[in-house]
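So the chains spell out like this:
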Amino acid sequence: MTLVDHPIIRERLTHIRSTDSVTAEFRHALHDIARLMTFEVTKDLETTTVEVETPLKKTEGHAFERPIVLVPILRAGVGMLNGFAEILTEASVGYIGLYRNEETHQPHSYYCKLPANIAEAEVILIDPMLATGGSAADAADELKKAGAERLRFACLIAAPEGVAAFEERHPDIPVFAAALDERLDENAYIIPGLGDAGDRYFGT
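Residues numbered from 1 in each chain as written. Predicted model: local features only at pLDDT ≥ 70, side-chain atom pairs only at ≥ 80, totals over all residues. Heavy atoms only, no water.

**Some words on the packing of helix H2 (residues 23–41) against helix H3 (residues 77–87)**
Right, on to step 1. Running from N to C, H2 and H3 cross one another at 55°; their axes reach a closest spacing of 7 Å. With respect to H3, the element H2 is oriented oblique. For H2 against H3, the interelement crossing comes out right-handed. Contact with H2, carried on its side by Leu 30, His 31, Ala 34, Arg 35, Met 37, Thr 38, Phe 39 and Val 41, involves Gly 79, Met 80, Asn 82, Gly 83, Phe 84, Glu 86 and Ile 87 of H3 and no other residues of that element.
Right, on to step 2. For the contact of H2 with H3, a count of residues per class yields eight nonpolar, five polar and two charged. (Axes fitted to C-alpha atoms, helices over the stretch in contact; angles between N-to-C directions. Helix = DSSP H or I, 4+ residues; strand = E, 2+ residues; numbered from the N terminus. Parallel < 35°, antiparallel > 145°, perpendicular 65-115°, else oblique. Left-handed = near helix turned anticlockwise from the far one by under 90°. Contact = heavy atoms within 4.5 Å. Nonpolar A, V, L, I, M, F, W, Y, C, P; charged D, E, K, R; others polar.)

Below, the structure is given as structure tokens:
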């Protein structure tokens, strides 16, 4: 797992964790973190050389080797999507819908809509919380079944248990997180965490 550490990220995480932060503050901080994480998550994307004409002369430029697809896990992943999409404006967007059974803590799939070029693309799977790892791993399964071969996963906060579970099922997918927290509690919530990311982002 790669920990994306930056002073601004650490400061924004403080706002996100705080119970004093209202919905608008939470959203703003989450968007900032996602934007900053984009640079680390994508730093090894391959580019190809292209010719570009400036107002003065032709010179060498660069273009992405492959299309980029952002895939948030609904619904909380939408918050991080906004930050990534502000940087990767050319990216297509797919969606995977999963919900957690509050008794078994197991994920259940209810929606999957992906771009047609998923097999040729660089795919970034996005979800704020990596708790048990089940939802992220199941979403990665869906992407691989659809033909995705170049995958990476970005989250806001991860628990050690979730990182271990995800990497056991998908050792080929790099994981990026803004924070690695202490543990999961008896209800499989991340400690210290931030509560329910979806509820706090959408104000529900």
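Okay, back to it.
**Quick notes on the layout of surface pockets**
Right, on to step 1. In this structure, the largest pocket spans a volume of roughly 660 Å³.
Right, on to step 2. Around the largest pocket, the lining is made up of 31 residues, and of these Arg 100, Asp 127, Met 129, Ser 135 and Asp 196 lie nearest the centre.
Right, on to step 3. Contributions of two or more residues to the lining of the largest pocket are made by strand E4 (68–74), strand E6 (95–100), strand E9 (129–130), helix H4 (134–145) and helix H6 (197–202).
Right, on to step 4. Its residues placed into classes, the lining of the largest pocket shows 16 nonpolar, nine polar and six charged. (1 Å grid on protein atoms, 1.4 Å probe; cavity = no way out; pocket = protein on both sides within 12 Å on 5 of 7 lines; lining within 4 Å. Points joined across faces, edges and corners; volume = space filled by probe spheres on them.)

**Here we look at the nonpolar core**
Right, on to step 1. Residues Met 37, Leu 70, Phe 84 and Leu 156 are the most contacted members of the largest nonpolar core, which totals 36 residues.
Right, on to step 2. Elements with a contribution of two residues or more to this core: helix H1 (7–17), H2, E4, H3, strand E8 (122–126), strand E10 (150–158), strand E11 (175–180) and H6.
Right, on to step 3. At seven residues, the largest contribution of residues to this core is made by H2.
Right, on to step 4. Ignoring anything within four residues of it in the chain, the contact list for Met 37 reads Val 4, Ile 9, Met 80, Phe 84, Ala 154, Cys 155, Phe 176, Ala 177 and Ala 178.
Right, on to step 5. Val 69, Val 71, Ile 118 and Ala 148 belong to the second largest nonpolar core, which has 25 residues in total. (Core = buried A, V, L, I, M, F, W, Y, C linked by side-chain atoms within 4.5 Å. Buried < 20%, exposed > 50% of the residue type's maximum accessible area, 1.4 Å probe, protein only.)

**Here's the deal with unusual backbone geometry**
Right, on to step 1. Here the residue pair Leu 74 and Arg 75 is connected by a cis peptide bond, since its omega of 5° sits within 30 degrees of zero.
Right, on to step 2. With respect to the helices and strands, the residue Arg 75 is situated in the loop between E4 and H3.
Right, on to step 3. The amide bond that connects Ile 191 to the next residue, Pro 192, takes the cis arrangement and shows omega of 0°.
Right, on to step 4. For Ala 188, which is not glycine, the phi dihedral falls at a positive 65°.

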